[in-house]
Amino acid sequence: MAVTHDRYNSIAIILHWTMAIAFLVMLGSGVAMTYFELDKSFKFQLYQWHKSGGILLLLASFLRISWRLISVIPKLPDNLAPWEKLAAKAGHYALYAVMFLTPLSGWLYVSSSVYGLPTIVFNLFEWPHFPGVEGNETIHEIAEEAHFILTIMFGILIAGHIGAVIKHAVYDHENLLRRMWWNSKG
Ligand code: HEM
Ligand code: HEM
């Protein structure tokens, strides 16, 4: 594996951008299906896609975290202030946490429903319910609240994440996007 120190490796870049788009689509579909007036059958379809996409992202998050633990990642730029390095690390860890906990809470929410509706991932295979929680109203309520709060945290963290990239580009003339893309050096 080629190791460069000024950018993330190719697998990390591919995972970052495909998952970034997928999570933004998940946030959008979640808001649309919960709060918008939609045609009933389209709404039903949207729930199915949302649950399917969310389960795939739960699995992808495991893959991504595992890859993060075993691969080499670039050092943060030296010109960042110590508090900025700390904020960047804390922000990234928080993003990994919500990446994993948001779909997990969604899965717990549908698994603890009294209706026991199945989750058929993109009409291909049935994803099992989280074991031992079916019909448990306490878990159902906690999971619903958790899913809601986690999605708000997700939105805030993504806004901060994009804001930090813009801040560094505008005020520090440091293009961090180059670290998350292929550049001429590697
Ligand atoms: C759509 C706009 C986005 C932009 C412009 C962007 C940009 C970046 C950049 C430039 C980095 C490298 C930071 C560095 O210099 O070390 C990065 C890292 C990261 N991004 Fe994003 N990102 C975006 C969306 C997202 C989303 C939606 C997520 C969460 C699902 C996310 C999660 C992460 C994480 C966890 C890292 C840290 C990688 C690591 O060190 O393991 N990003 N992002
Ligand atoms: C991958 C990450 C996910 C994101 C970013 C996400 C995002 C959202 C958002 C923004 C909402 C609307 C706000 C709310 O009421 O909570 C929502 C609702 C919902 N999500 Fe997710 N979701 C994800 C994964 C999942 C998964 C894996 C499932 C189930 C297998 C799921 C099931 C649901 C359900 C059933 C609702 C409606 C909740 C209600 O009616 O109160 N979500 N989601």
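Everything here concerns the structure above.
Rules of the game
- Residues numbered from 1 in each chain as written.
- Chains lettered and ligands numbered in written order.
- Predicted model: local features only at pLDDT ≥ 70, side-chain atom pairs only at ≥ 80, totals over all residues.
- Heavy atoms only, no water.
- Helix = DSSP H or I, 4+ residues; strand = E, 2+ residues; numbered from the N terminus.
- Contact = heavy atoms within 4.5 Å.
- Areas by Shrake-Rupley, 256 points an atom, 1.4 Å probe, with all protein chains shown as cover.
- Lys, Arg positive; Asp, Glu negative; His and termini not counted.
- Charge placed at Lys NZ, Arg CZ, Asp CG, Glu CD.
- Patch = residues over 30% accessible without salt bridge, like charges linked within 9 Å, V, L, I, M, F, W, Y side chains within 5 Å.
- Salt bridge = Lys/Arg side-chain N within 4 Å of Asp/Glu carboxyl O.
- Core = buried A, V, L, I, M, F, W, Y, C linked by side-chain atoms within 4.5 Å.
- Buried < 20%, exposed > 50% of the residue type's maximum accessible area, 1.4 Å probe, protein only.
- Near = heavy atom within 4 Å.
- Polar contact = N/O pair within 3.5 Å; in protein donor to acceptor, adjacent residues only side chain to side chain.
- Nonpolar A, V, L, I, M, F, W, Y, C, P; charged D, E, K, R; others polar.
- Donors = N, O, S within 2.8 Å, 3.2 Å for Na, K, Ca; no water.
- Tetrahedral: all angles 85-135°; square planar, octahedral: opposite > 155°, others 65-115°.
- Axes fitted to C-alpha atoms, helices over the stretch in contact; angles between N-to-C directions.
- Left-handed = near helix turned anticlockwise from the far one by under 90°.

Trainee: What should I look at first to understand the overall build of the protein chain in this one?
Mentor: In terms of regular secondary structure, the protein chain is built from four helices and two strands. Taken from the N to the C terminus, the helices and strands of the protein chain come in the order α-α-α-β-β-α. Structurally, the protein chain occupies a C-alpha span of about 55 × 35 × 30 Å along its principal axes. Expressed as a percentage of contacts within the protein chain between residues at least 6 apart in sequence, the contacts between residues at least 24 apart total 73%. About 11800 Å² of surface is accessible on the protein chain, with carbon and sulfur atoms providing 70% of the total. Charged side chains in the protein chain number 13 positive and 13 negative. The centres of these two groups are separated by 15 Å.

Trainee: How should I be thinking about a negative patch on the surface in this particular structure?
Mentor: On the surface, a cluster of negative charge is contributed by E137, E141, E144 and E145. Structurally, the position occupied by E141 is in helix α4 (residues 137–171).

Trainee: I keep staring at the nonpolar core and nothing clicks. Help me out?
Mentor: If you look at soluble globular proteins, the nonpolar side chains tend to sit buried side by side. With 18 residues, the main nonpolar core has Y8, M19, F23, L57, M99 and F154 as its most contacted residues. Mapped onto this core, the elements with two or more residues apiece are α1 (10–35), α2 (40–70), α3 (82–111) and α4. In terms of residue count, the dominant contributor to this core is α1 (six residues). Leaving out residues up to four positions away in the same chain, F154 has contacts with F23, L27, L95, V98, M99 and T102. I55, L58, V121 and W127 belong to the second largest nonpolar core, which has five residues in total.

Trainee: Mind showing me how you'd approach the site of ligand 1 here?
Mentor: Contacts to ligand 1 come from 21 residues, most closely from H16, R68, Y96, H161 and R179. Y96 has a polar side-chain atom sitting 2.4 Å from an oxygen atom of ligand 1. Examining the composition of the shell around ligand 1, we find that five residues originate from one element, α4, more than from any other. When grouped by side-chain class, the residues that make up the shell around ligand 1 number 15 nonpolar, three polar and three charged.

Trainee: Would you mind showing me how to read the coordination of the iron atom of ligand 2 here?
Mentor: Note on metal geometry: ideal angles are 109.5 degrees for four donors arranged tetrahedrally and 90 or 180 degrees for six donors arranged octahedrally. Taken together, H50 (NE2) and H147 (NE2) make up the full set of protein donors to the iron atom of ligand 2, lying 2.0 to 2.1 Å away. Geometry at the iron atom of ligand 2 is octahedral, judged from the six donor atoms that bind it and their angles of 85 to 179° at the metal. Of this pair, H50 sits in helix α2 while H147 sits in helix α4, and the two are 97 residues apart along the sequence.

Trainee: What exactly am I supposed to notice about the coordination of the iron atom of ligand 1 here?
Mentor: Those protein atoms acting as donors to the iron atom of ligand 1 are H16 (NE2) and H161 (NE2), and they sit at 2.0 Å. Relative to the metal, the six donor atoms surrounding the iron atom of ligand 1 lie at angles of 86 to 179°, and the coordination shape comes out octahedral. Separated by 145 residues along the polypeptide, H16 in helix α1 and H161 in helix α4 bring together distant segments of the chain. Among the residues examined, H16 registers a relative accessible area of 13% and is labelled buried.

Trainee: Even after reading the chapter, I still don't get the site of ligand 2, so can you show me in this structure?
Mentor: Taken together, 24 residues are adjacent to ligand 2, and G30, M33, H50, E144 and H147 come closest. Within the side chain of E144, an N or O atom sits 2.8 Å from an oxygen atom of ligand 2. The separation between a nitrogen atom of ligand 2 and a polar side-chain atom of H147 is 2.8 Å. Sorting the residues of the shell around ligand 2 by element identifies α1, α2, α3 and α4 as the ones contributing at least two each. Classifying every residue of the shell around ligand 2 by side-chain character gives 14 nonpolar, eight polar and two charged.

Trainee: Any chance you could explain the packing of α2 against α3 here in plain terms?
Mentor: Packed helices, taken two at a time, are described by the angle their axes make and the gap between the axes. Where α2 meets α3, the closest approach of the two axes is 9 Å, and the angle between their N-to-C directions is 145°. When the axes of α2 and α3 are compared, the crossing they make is left-handed. In this structure, α2 contributes K51, G54, I55, L58, S61, F62, R64, I65 and R68 to the contact, and α3 contributes Y96, M99, F100, P103, L104, W107 and V110.

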